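If you want the building blocks of each chain, they are given just below.
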Amino acid sequence: MDDGALERANERVEQRADVAALDALLVRAREQVEALATATAALEDSLPGRVQDAVRSEAQPVGRNLAEIRGLMNQVIRRLSALEGDLLTERSARVDDLAVLVDLVSSGWKGVDARLGRIEAVVTRLEQAQDTRGAIVYRMEDRRPDAATS
């Protein structure tokens, strides 16, 4: 036999061995792809439910806390509204008290002004009476007879 034929035969055997190894590798890859497809299908079936359960278990306490906070905020708003109403009522009462006080002070000063006006009128009349007629002045010494001789 020829050495060249032997080498070609060896190459073909090696090529067939490589092809067989490649075929085995391809078969294994197909089996693993099928296993992966099966696992993916199983995950597609179970994953949404598992995620939903996980989210529900984590979000439920948050929802309760949020509802409690909402209730507390509503209560705070009601209390602030009541406090605002009370404050407006008190402010209105203080304004009314101030109006009464201003009326009292102004009427008091009007009374003082009226009295001063009357006093000024009396003083003016007295001054006018004094200017027109003049006052008569008598000396005490002139009225006593014994005082003039001493």
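K.L.:
Just checking my understanding: could you explain the overall build of the protein for this structure?
P.N.:
Tallying secondary structure elements over the protein gives three helices and zero strands in all. Burial statistics for the protein: of 150 residues in total, 0% are counted as buried.

K.L.:
Can you walk me through the confidence of the model for the protein in this structure?
P.N.:
Low pLDDT marks stretches whose predicted atomic positions should not be read closely. Within the protein, residue pLDDT values average 84, and 87% of them lie at 70 or more. Per-element confidence in the protein is highest for helix H1 (residues 3–133), whose mean pLDDT is 87, and lowest for helix H3 (residues 145–149), whose mean pLDDT is 58.

K.L.:
What am I meant to see in the pattern of salt bridges here?
P.N.:
Where side chains of opposite charge bring their charged atoms close, a pairing between them can arise. Going through the model one piece at a time under the given rule, you end up with three salt bridges. Here aspartate 53 and arginine 56 are joined by a salt bridge, their closest N and O atoms 3.5 Å apart. Of this pair, aspartate 53 and arginine 56 both sit in helix H1, three residues apart, roughly one helical turn. In this structure aspartate 53 comes out as partly exposed when scored by relative accessible area, which is 46%.

K.L.:
When you look at a nonpolar patch on the surface in this model, what are you seeing that I'm missing?
P.N.:
Taken together, the side chains of Leu98, Leu101, Val102, Val105, Trp109, Val112, Leu116, Ile119 and Val123 define a hydrophobic patch exposed on the protein surface, amounting to about 850 Å² of accessible area. Inspection of the secondary structure puts leucine 116 in helix H1.

K.L.:
What exactly am I supposed to notice about a negative patch on the surface here?
P.N.:
Together, Asp3, Glu7, Glu11, Glu14 and Asp18 line one region of the surface with negative charge. With respect to the secondary-structure elements, glutamate 14 resides in helix H1.

Procedures and definitions
Residues numbered from 1 in each chain as written. Predicted model: local features only at pLDDT ≥ 70, side-chain atom pairs only at ≥ 80, totals over all residues. Heavy atoms only, no water. Helix = DSSP H or I, 4+ residues; strand = E, 2+ residues; numbered from the N terminus. Buried < 20%, exposed > 50% of the residue type's maximum accessible area, 1.4 Å probe, protein only. pLDDT = per-residue confidence, 0-100. Salt bridge = Lys/Arg side-chain N within 4 Å of Asp/Glu carboxyl O. Patch = residues over 30% accessible without salt bridge, like charges linked within 9 Å, V, L, I, M, F, W, Y side chains within 5 Å. Areas by Shrake-Rupley, 256 points an atom, 1.4 Å probe, with all protein chains shown as cover. Lys, Arg positive; Asp, Glu negative; His and termini not counted. Charge placed at Lys NZ, Arg CZ, Asp CG, Glu CD.

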